[in-house]
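Each chain, written out:
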Amino acid sequence: MTLLAHSAEDPADSRMYLLNNGTAQSYRSAVTDSVARVSAKIAGTTRPFTGVSVDGLAPTVDGVDLDTPLHDATAALDELEEVYLRDAVYFHHPRYLAHLNCPVVIPALIGEAVLSAVNSSLDTWDQSIGGTLIERRLIDWTAGRIGFGEAADGIFTSGGSQSNLQAMLLARDEACRREPTRPDAPAQARLTDVLPRLRILTSECSHFSIRKAATLLGLGAEAVLTVPTDDRKRMRTDALADALARCQRDGLIPMAVVATAGTTDFGSIDPLPETAELCDRYGAWMHVDAAYGCGLLASRRRELLDGIEHADSVTVDYHKSFFQPVSSSAVLVRDRSTLRHVTYHADYLNPRRMAERRIPNQVDKSIQTTRRFDALKLWLTLRIMGAGAVGALFDEVIDRAAEAFALLHDDPRFDVVVAPQLSTLVFRYLPTGASDPELADRVNLHARDALFASGDAIVAGTTVDGRHYLKFTLLNPETTLEDIATVLDLIAEHAGSFLAAQPRPALSAG
Ligand SMILES: *Cc1c(COP(=O)(O)O)cnc(C)c1O
């Protein structure tokens, strides 16, 4: 590999690290070599994880002297094998079943390679040119799939949490603008009046980033009112109607209702048409958090998202169900004028006169300034494989989850919570002969940890009604039903050895 410096102090040597017309060849060979390494790594992966512990790995990372450079890319990559690549968690492995991490599609990786080398920044037209136009086309494309009209717009973000934050910011500022009390008061005074009365309504299964957003926006986490869910973990619209009526009665302002299209734990999709009706009746901003469920926009199950077109804003995480590398997400709005709440003009960057000349500066719509050209990954994905192929991958994991549900349902060793709408399964191991719920909790916590430490498979955990459960998140079409059956056997084995090591009374408690 090139990129081998002779003298650390010679400025001419330092300049050889800069990518430019003189170094294009060495960039090419250095990156090609590193890609070859990763490719060999991926090809040779036999399990998702080595099982290394924090204490096992930290000394290796801590032992690297950051003030003594290696001056050699090959040596640095050899070292990287030790500090990172060897023990990384490989999401492409069929027995990685834990979180909402997808295997990534190669067209998107081509995009990643291009975008980081060209390094456009999407805040302004004059730093991105075609990048801005490509991003805008993809926003329009997504808005079209949602069913938004001509007035729609949006922006790529770093992830669902940021998309949700921006949506809540727009909802807050729209609520403040509309509030009739003291309409002539300056914006700041109105904000102070209104802020303590704002409420966000969302289901008990919604993502924690909604509560975080409420805190960041000065509303406090208590401003989020939790609506109970039905037996399939979907927001109960009768309870939502009651909560909205209560807000009105108490002089509170329901600034937003957040419906989740694909809850993180259960993949449940809240009733979107009914939620839209209630939002309309109470003048609440409707946000749909489709961070997980957005892949349905490209799938043969598109009808599961019916009603999403009534939303005021939508969060999509292409890095979940569009098989894109982190990060790739967007927030879409039905009415582009609402994005003015994040528009600020800076003389050095995006002066007002540029907006007047209709120069497209994406920073006018974003809460970030310098911003990656993540949209390029989705562009190449659509141009090379097409949306239908992406949707087919998502459909396949949804099918697999349905099969796995049947498997779990018929297996007396396990208890499974709900039939999945998308591709997650929440379940737990049931220790036979033991009725002690604490013991069941400990068995499942142990099985998850032991499985993780073995590196044979990775599953997630969550709680249901205060009890510990395990979770499969299926996003890999390469995961077979046989893989799932194998992982269930491994869980049962770990649980069994834990139980065998328990003192007798705990076992005979039932
Ligand atoms: C993952 C997720 C988020 C957060 O998205 P990030 O990209 O991790 O920030 C928000 N909402 C839901 C429903 C999610 O599943």
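Analysis parameters
- Residues numbered from 1 in each chain as written.
- Predicted model: local features only at pLDDT ≥ 70, side-chain atom pairs only at ≥ 80, totals over all residues.
- Heavy atoms only, no water.
- Salt bridge = Lys/Arg side-chain N within 4 Å of Asp/Glu carboxyl O.
- Helix = DSSP H or I, 4+ residues; strand = E, 2+ residues; numbered from the N terminus.
- Buried < 20%, exposed > 50% of the residue type's maximum accessible area, 1.4 Å probe, protein only.
- Polar contact = N/O pair within 3.5 Å; in protein donor to acceptor, adjacent residues only side chain to side chain.
- Pairing = 2+ DSSP bridges.
- Phe/Tyr/Trp six-rings, centres within 6.5 Å; stacked < 30°, edge-to-face > 60°.
- Lys NZ or Arg CZ within 6 Å of the ring centre and 35° of its normal.
- Axes fitted to C-alpha atoms, helices over the stretch in contact; angles between N-to-C directions.
- Contact = heavy atoms within 4.5 Å.
- Domains from an automatic or database assignment.
- Buried area = accessible area lost by both parts, 1.4 Å probe.

1. Considerations on the pattern of salt bridges
For the structure shown, the criterion picks out 32 salt bridges. For the salt bridge of D153 with K365, the shortest nitrogen-to-oxygen distance reads 2.9 Å. Here D153, found in strand 2 (residues 153–157), pairs with K365, found in the loop between helix 13 (352–356) and helix 14 (375–384); they are 212 residues apart in sequence, far enough to count as distant. Like K365, D153 is buried. With its nearest N and O atoms 3.4 Å apart, the salt bridge here joins R428 to D441. With R428 in strand 10 (residues 424–429) and D441 in helix 16 (residues 437–454), the pair connects residues that are 13 residues apart, well separated along the chain. According to the relative accessible area criterion, D441 is buried, its value standing at 7%. Counted as one network, the salt bridges with shared partners bring together E112, R372, D374 and K377.

2. Remarks on the side chain of T142
Following the sequence through the fold, T142 ends up in helix 6 (residues 130–146). Take T142: its relative accessible area is 1%, and that puts it in the buried class. In terms of polar contacts, T142 uses its side chain to reach the side chain of Y318, at 2.7 Å.

3. Digging into the pairing of strand 10
Most of strand 10 is tucked away: six of the six residues are buried. Side chains T424, V426 and R428 project from strand 10 onto one buried face, and the interleaved L425, F427 and Y429 project onto a second face that is buried too. For strand 9 (residues 414–416) and strand 10, the ladder comprises three bridges, and the chain directions are antiparallel. Paired with D415 across the two strands is R428, which belongs to strand 10. Bridge analysis of strand 10 against strand 12 (residues 467–473) gives four bridges, and the strand direction is antiparallel. Paired with F427 across the two strands is L470, which belongs to strand 12.

4. Observations regarding the packing of aromatic side chains
In total, this model carries nine aromatic pairs according to the counting rule given. Relative to F427, the ring of F414 lies with its centre 5.7 Å away and its plane at 75°, an arrangement referred to as edge-to-face. With F414 in strand 9 and F427 in strand 10, the pair connects residues that are 13 residues apart, well separated along the chain. Of the residues examined, F427 reaches a relative accessible area of 0% and is grouped as buried. Taking NZ or CZ as reference, K233 lies 5.0 Å from the ring centre of F266, over its face. Directly above the ring of Y469 sits R428, whose terminal nitrogen or CZ lies 4.7 Å from the centroid.

5. Remarks on the sheet that holds strand 4 (residues 224–227)
Spatially, seven strands are ordered 2-8-7-6-5-3-4 in an open sheet, and the strand pairing comes out mixed. The open sheet terminates on both sides in strands that have one partner only, identified here as strand 2 and strand 4. Each adjacent strand pair in this sheet contributes to an overall mean axis angle of 20°, direction not counted. Of the strands in this sheet, strand 5 (253–260) and strand 6 (285–290) touch helix 11 (residues 272–282), which is tilted by about 155° from strand 6.

6. Examining the domain arrangement of the protein
For the protein, the domain assignment lists domain 1 (121–374) and domain 2 (388–500). Taken over both partners, the interface formed by domain 1 and domain 2 buries close to 2000 Å², and the fraction arising from carbon and sulfur atoms is 57%. Inspection of the domain 1/domain 2 interface yields five salt bridges. Two residues, D399 and R301, come together in a salt bridge whose shortest N-O distance is 2.5 Å. There are 15 residue pairs in polar contact (both at pLDDT 80 or more) connecting domain 1 and domain 2.

7. A short note on the pairing of strand 7 (residues 313–317)
Counting buried residues in strand 7 gives five out of five residues, a clear majority hidden from the surface. Along strand 7, one buried face is formed by S313, T315 and D317 and the opposite face, lined by V314 and V316, is buried too. The sheet contact formed by strand 6 and strand 7 spans four bridges and is parallel. Within strand 7, the residue paired with H287 across the bridge is S313. As paired strands, strand 7 and strand 8 (residues 329–333) are joined by five bridges and run antiparallel to one another. Directly across from D317, in strand 8, lies its bridge partner S329.

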